[in-house]
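Residues per chain, in single letters:
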Amino acid sequence: IWARGGSMESKHTLKSAFKEVLDYKKKLNWVIVTAKSGKVDLIACGTGLKDLMSNFSQSDMQWGLLGVTGVDDSSSLKSMRMKLVQINWCGSGVKFEERGKMINKQTPLIQKFAGSIACEIKAGDKADIVASDVAYKLFHAQGAHKPTYYDFGDIKVDCKGLSATGNADDDDEDEDFE
């Protein structure tokens, strides 16, 4: 299967494109896939969050797998770690009865294919995918190692303000376990 390219012409197969997404040294950092046929199919691939968002279809259920590089540039050595973000895209033109298939049948195929996901975003509109919100989720999903910034391929988000509490999406806020 050949993918339509995002901002670049692409002759990637699903396997080769996804392998590049997982390697922060490569330029390619996202793929869009579907699972309509009971298997994962490559739709598009490219570089940068803006390019990814422009390739989602309002009439389809799709999954974006985005490689975001966490860069720690604060020490004498520059450390880079790739984090995989899964975007569950359900366009506004998708019929209500089709949406259940996304949750029950197709999402498990994507998760099995993708493996370890650092965070998951549910989206049906481009406004649902904001780099600073994704960076916040990644930052709080991290262990002890915290990067200086996240690189989305075309956008860099500084992590200085991400440690603040009170984000509306922070589900762990003030939990008390006794």
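Note that the coordinates shown come from a computational prediction; the quantities given were computed from them, not determined experimentally.

## Regarding the overall build of the chain
- Along its length, the chain carries 4 helices and 8 strands.
- Secondary structure of the chain in N-to-C order comes out as β-α-β-β-α-β-β-α-β-α-β-β.
- In the chain, of all internal contacts separated by at least 6 residues, the share reaching a separation of at least 24 is 60%.
- For the chain, the computed accessible surface area is about 10,000 Å², with 50% contributed by carbon and sulfur atoms.

## Remarks on the packing of aromatic side chains
- In total, this model carries 2 aromatic pairs according to the counting rule given.
- Relative to F113, the ring of F18 has its centre 4.8 Å away and its plane inclined at 45°; by these criteria the two rings are tilted. One end of the pair, F18, is in helix 1 (residues 14-21); the other, F113, is in helix 3 (residues 96-114), with 95 residues separating them in the sequence.
- On the basis of relative accessible area, F113 is assigned to the partly exposed category, the value being 28%.
- Measuring from centroid to centroid gives 4.5 Å for F56 and W89, while their planes differ by 10°, and the two rings are stacked. Taken as a pair, F56 in the loop between helix 2 (49-54) and strand 4 (61-72) and W89 in strand 5 (residues 79-90) lie far apart in primary sequence, 33 residues in all.
- Judged by relative accessible area, which is 0%, W89 ranks as buried.
- The positively charged end of K146 is found above the aromatic ring belonging to F139, 4.9 Å away from the centroid.

## Quick notes on the pattern of salt bridges
- Applying the stated criterion across every chain, the model contains 2 salt bridges.
- Put simply, K36 and D60 hold a salt bridge, and the shortest N to O gap is 3.0 Å. Linking K36 in the loop between strand 2 (30-34) and strand 3 (41-46) with D60 in the loop between helix 2 and strand 4, this pair joins segments that are 24 residues apart in sequence.
- K36 sits in the exposed class, given a relative accessible area of 56%.
- D41 is the partner of K39 in a salt bridge, and the nearest nitrogen-oxygen pair spans 2.7 Å.
- You can call D41 buried: its relative accessible area is 14%.

## Quick notes on the nonpolar core
- In terms of nonpolar packing, the biggest core is built from 27 residues, with V85, Y150 and F152 touching the most fellow members.
- Of all the elements in the fold, those that place two or more residues in this core are strand 2, helix 2, strand 4, strand 5, strand 6 (119-123) and helix 4 (131-141).
- Residue contributions to this core peak at 6 residues, all from helix 4.
- Not counting residues within four places of it along the chain, the set of residues in contact with Y150 comprises V68, T69, G70, A135, L138, F139, Q142, I155, K156, V157, C159 and L162.
- Counting residues in each nonpolar core, the second largest holds 21 residues, with C45, L65, M102 and I110 among its members.

Calculation criteria
Residues numbered from 1 in each chain as written. Predicted model: local features only at pLDDT ≥ 70, side-chain atom pairs only at ≥ 80, totals over all residues. Heavy atoms only, no water. Helix = DSSP H or I, 4+ residues; strand = E, 2+ residues; numbered from the N terminus. Contact = heavy atoms within 4.5 Å. Areas by Shrake-Rupley, 256 points an atom, 1.4 Å probe, with all protein chains shown as cover. Phe/Tyr/Trp six-rings, centres within 6.5 Å; stacked < 30°, edge-to-face > 60°. Buried < 20%, exposed > 50% of the residue type's maximum accessible area, 1.4 Å probe, protein only. Lys NZ or Arg CZ within 6 Å of the ring centre and 35° of its normal. Salt bridge = Lys/Arg side-chain N within 4 Å of Asp/Glu carboxyl O. Core = buried A, V, L, I, M, F, W, Y, C linked by side-chain atoms within 4.5 Å.

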